[in-house]
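Inside the fold
One letter stands for each residue in the lines below.
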Amino acid sequence: FQSIKERQGVELHLGVLLEGGGVEYKQLGLYYQAGNWWNTSDNSMVMKWSLVDILGLVADRTFLPPDPLPTTLGGWLGAVVAQLGDNFKNRYHADPAYANLPVTARGVEAVTGKKCGEIARWACMASGTWLRADNDGGRLTAEPLWNQGAKLDLDNLESYPAMRANESLAALIFRLADE
């Protein structure tokens, strides 16, 4: 276990037992060891692993602004994953139609002290994309919002959803871009 390191990638697959007795494996994605990595207890056969996708790996890291600042969606994604070191510098992907869209910051002070998750989220908001980890390569990925998907009606549900008030919500504040 001495060779197990933080941020080491682990490919996860889910196996489904088929009628004929075989197993069909589907890739769930590439996850990285984080936090306490792994542990055992009571000398048992059970091990616990702390795994996160690339979003979990970068989200809470403090962003160290490069010089010069990026000016495109792809540039910002590259700057975010570069915070993880040289092994991660190409672990991002932006939809080709959006990768070179201009995304600029007001200046270095606007991004200094911010978390990488905030920077990536803001770049996606500015470009009309959303952020995810892709299953194939474990890359930080930005792509346009989809306009298709499953439709869920009440008659498709096993039980009706319960609704209740959220008393911990104090206010909704909207800031318009008139500054």
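Preceding this paragraph is the structure being described.
Report follows, based on the coordinates. (Residues numbered from 1 in each chain as written. Predicted model: local features only at pLDDT ≥ 70, side-chain atom pairs only at ≥ 80, totals over all residues. Heavy atoms only, no water.)

1. Thoughts on the environment of W76
The cut-off we apply is this: A run of H or I in DSSP becomes a helix once it reaches four residues, and a run of E becomes a strand once it reaches two; helices and strands are each numbered from the N terminus. When a residue's accessible area, from a 1.4 Å probe over protein chains only, is under 20% of the maximum for its type it is buried; when over 50% it is exposed; and in between it is partly exposed. Between two residues, a contact is recorded if the distance between any of their heavy atoms is within 4.5 Å. Definition of a polar contact: a pair of N or O atoms within 3.5 Å, with one able to donate and the other able to accept a hydrogen when the atoms are protein atoms, and with sequence-neighbouring residues admitted only if both atoms are side-chain atoms.
Take W76: it is sitting in helix α2 (residues 73–81). Residue W76 is classed as buried on the basis of its relative accessible area, which comes to 4%. Note: C-alpha distance between W76 and Y92 (16 residues apart in sequence) is 9.9 Å. Among residues more than four places away in sequence, those in contact with W76 are F63, L69, P70, T71, V103, T104, A105, V111, I119 and A123. One polar contact links the side chain of W76 to the main-chain carbonyl oxygen of V103, over a distance of 2.8 Å.

2. Digging into unusual backbone geometry
Residue P68 follows D67 across a cis peptide bond; omega there is 5°. By the secondary structure assignment, P68 is in the loop between α1 (54–58) and α2.

3. Considering the sheet that holds strand β4 (residues 92–94)
We apply this condition: Strands qualify as paired when DSSP identifies two bridges or more between them. The axes are straight lines fitted to the C-alpha atoms, using for helices just the contacting stretch, and the angles between their N-to-C directions are given from 0 to 180°.
Pairing is mixed across the open sheet formed by three strands, whose spatial order is β4-β6-β5. The strands lining the two open edges of the sheet, one partner per strand, are β4 and β5 (129–133). For this sheet, the mean angle separating the axes of adjacent strands, direction not counted, is 20°. Inspection of the sheet shows β4 paired to strand β6 (residues 140–144) by three bridges, in the parallel sense. Each bridged residue has a counterpart across the sheet, and for H93 the counterpart in β6 is T141.

4. Considerations on the packing of aromatic side chains
Heads up, the condition is: In summary, the pairing rule links any two rings of Phe, Tyr or Trp, Trp by its six-membered ring, whose centres are within 6.5 Å, and it sorts them by plane angle into stacked for under 30 degrees, edge-to-face for over 60 and tilted for everything else.
Taken as a whole, this structure holds two aromatic pairs when the rule is applied. When the centroid spacing of 6.1 Å and the interplanar angle of 40° are considered together, the rings of F63 and W76 count as tilted. Of this pair, F63 sits in the loop between α1 and α2 while W76 sits in helix α2, and the two are 13 residues apart along the sequence. Of the two residues, F63 and W76, both sit in the buried class.

5. With respect to helix α4 (residues 116–127)
The condition is simple: To estimate the expected span of a helix, subtract one from its residue number and multiply by 1.5 Å. Each direction from the helix axis to a C-beta atom contributes to the arc, which is the arc of those directions.
Its twelve residues give α4 an end-to-end C-alpha distance of 17 Å, which sits within 8% of 16 Å, the value for a rise of 1.5 Å per residue. Within α4, burial applies to C116, G117, I119, A120, A123, C124 and S127. Take α4 and look down its axis: the buried residues cluster within an arc of 165°, on one side only. Summarising the geometry of α4, the exposed residues directed more than 90 degrees from the buried face are M125 and A126. Packing partners of the buried residues in α4 comprise α1, α2, α3 (108–111), β5 and β6. Looking one or two residues beyond α4, the residue adopting positive phi is G128, at roughly 75°.

6. Description of the nonpolar core
We count it as follows: We call a set of buried residues a nonpolar core when its members are Ala, Val, Leu, Ile, Met, Phe, Trp, Tyr or Cys and they connect through side-chain atoms within 4.5 Å of each other.
Core analysis: the largest hydrophobic core is formed by 28 residues, its most contacted members being I54, F63, L73, W76 and V80. Mapped onto this core, the elements with two or more residues apiece are β2 (23–40), α1, α2, α4 and β6. Counting residues per element, this core draws most heavily on α2, which supplies six residues. Among residues more than four places away in sequence, those in contact with L73 are A94, Y98, A99, L101, V103, A123, C124, S127, T129 and A142.

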